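An overview of the molecular structure
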Amino acid sequence: GEEGKLILDTSSFYAESGGQIGDKGVIKSSNGKAVVKDTVSKLDFYLHLSEIEEGGLKVGEHVQLEVYEDTRRATMRNHSATHLLHQSLRDVLGEHVNQSGSLVEPERFRFDFTHFSALTEKEMEEIEYRVNEQIINNLNVKIEEMDIDEAKEKGAAALFTEKYGQKVRVVQMGNFSIELCGGTHVNRTGDIGLFKITNEGSIASGIRRIEAVTGFKALEYVKDKEKLLAN
């Protein structure tokens, strides 16, 4: 029942960063078991926000880590979809579109971007089609670490609000999208399954927000719409 922050010498858990929420899971030793409710980073440490479920854990013990697979995979689908969405928005609306924020969860994601007017129904349809087209094309997702100058030469998109070191992580999806990103991603875009926009609106002057779902959540969304239509 006790709660605390567990620090390990290395971790397979993803700590909340870049809009993607932290991993949940289990940490086990021969003497106890803790449920990880969230993972965050402070300075150079990963803090596993945990509650002891069985026994206890001691300093210096060897532990086994288990990230909840279903939630990690759902989060990966959503994060990779934000990259496809970003490029699709630039293709349809123009090069002025830039990411200004995001939230990536297992259930859904939201994507904030610079644009001066509400999206038309035709624009929404075209954006949604383009994202799903790249999912069907099943593009290879390549992740590399490289010098920031090399990444810029390759044309990698970056967030102006983020501070980057000399070495950066580049996520490239076929020849369609290339961005600097430290998050978790699918191996191929086909793993996303299905992409569906659920909402679009304004959150500030010149800033729009798209909310969307992927994978099984997208199927649930479509099913709910079908039931509503049938009724």
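For clarity, every value in this text was computed on a predicted model and none was experimentally measured. (Residues numbered from 1 in each chain as written. Predicted model: local features only at pLDDT ≥ 70, side-chain atom pairs only at ≥ 80, totals over all residues. Heavy atoms only, no water.)

1. Focus on the overall build of the chain
Applicable threshold: Secondary structure elements are defined from DSSP: runs of H or I of at least 4 residues count as helices, runs of E of at least 2 residues count as strands, and each element is numbered from the N terminus. Burial classes follow relative accessibility: with a 1.4 Å probe on protein chains only, a residue under 20% of its type's maximum area counts as buried, one over 50% as exposed, and anything between as partly exposed. We count Lys and Arg on the positive side and Asp and Glu on the negative side, and we leave His and both chain ends out. For charged residues, the charge sits on one atom: NZ in Lys, CZ in Arg, CG in Asp, CD in Glu.
Check the secondary structure of the chain and you find four helices and 12 strands. With the C-alpha coordinates aligned to their principal axes, the bounding extent of the chain is approximately 60 × 55 × 35 Å. Put simply, the chain has 231 residues, and 42% of those count as buried. Each charge class in the chain can be summarised by its mean position, and for the 29 positive and 39 negative side chains these summaries are 1 Å apart.

2. Comments concerning the pattern of salt bridges
Any two side chains of opposite charge can pair, given that their charged atoms come close. For the record, the criterion: When a carboxyl oxygen of Asp or Glu is within 4 Å of a side-chain nitrogen of Lys or Arg, the pair counts as a salt bridge.
Following the criterion strictly, the structure yields 16 salt bridges and no others. Between Glu220 and Lys217 there is a salt bridge, with the nearest N and O atoms lying 3.7 Å from each other. With Glu220 and Lys217 both in helix H4 (residues 215–230) and three residues apart, the pair spans about one turn of that helix. Here Glu220 falls in the partly exposed class, since its relative accessible area comes to 42%. The class for Lys217 is partly exposed, based on a relative accessible area of 33%. Salt bridges linked by common partners bring Glu3, Lys37 and Glu51 together as one network.

3. Comments concerning the nonpolar core
Defined as follows: In these notes, a set of buried Ala, Val, Leu, Ile, Met, Phe, Trp, Tyr and Cys residues joined through side-chain atoms within 4.5 Å is what counts as a nonpolar core. It only takes one pair of heavy atoms within 4.5 Å for two residues to be counted as in contact.
Residues Leu85, Leu89, Phe113 and Phe195 are the most contacted members of the largest nonpolar core, which totals 27 residues. Going through the elements one at a time, helix H1 (69–93), strand S7 (109–114), helix H2 (121–136), strand S9 (167–173), strand S11 (195–204) and strand S12 (207–214) are the ones with two or more residues in this core. Looking at which element gives the most residues to this core, the answer is H1, with seven residues. In contact with Leu89, not counting residues within four places along its chain, are Gly94, Val97, Phe111, Phe113, Leu119, Ile127 and Ile210. One finds Ala151, Ala156, Val170 and Leu180 within the second-largest nonpolar core, a separate group that totals eight residues.

4. Looking at the environment of Glu128
Following the sequence through the fold, Glu128 ends up in helix H2. Judged by its relative accessible area of 17%, Glu128 falls in the buried class. Here the alpha-carbon distance between Glu128 and Ser30, two residues 98 residues apart in the chain, equals 49 Å. If near-sequence neighbours (up to four positions away) are discounted, Glu128 is found in contact with Phe195, Lys196 and Ile197.

5. Remarks on the side chain of Arg90
Defined as follows: Counted as a polar contact is a pair of N or O atoms within 3.5 Å, where, for protein atoms, one must be capable of donating a hydrogen and the other of accepting one, and residues adjacent in sequence contribute only when both atoms are in side chains.
Position of Arg90 among the secondary structure elements: in helix H1. Overall, Arg90 belongs to the buried group, its relative accessible area being 19%. Within the structure, the side chain of Arg90 is placed 3.3 Å from the side chain of Asn98, a separation counted as a polar contact. In this structure, Arg90 is in contact with Glu95, Val97 and Asn98, ignoring residues within four places of it in sequence.

6. Observations concerning the sheet that holds S7
Heads up, the condition is: Whether two strands pair comes down to DSSP finding at least two bridges between them. With axes taken as lines fitted to C-alpha atoms, and helix axes fitted only over the stretch in contact, angles between N-to-C directions fall between 0 and 180 degrees.
With antiparallel pairing, the four strands of this open sheet are ordered in space as S6-S7-S12-S11. Unpaired on one side and paired on the other, strand S6 (99–104) and S11 mark the two borders of the sheet. Looking at each pair of strands side by side, their axes are set apart by 15 degrees on average, direction ignored. In this sheet, S12 lies alongside S7 in antiparallel orientation, the contact comprising six bridges. When the sheet's bridge partners are listed, Asp112 is paired in S12 with Arg209. Packing of H1 onto the sheet brings it into contact with S6, S7, S11 and S12, and relative to S7 it is tilted by some 25 degrees.

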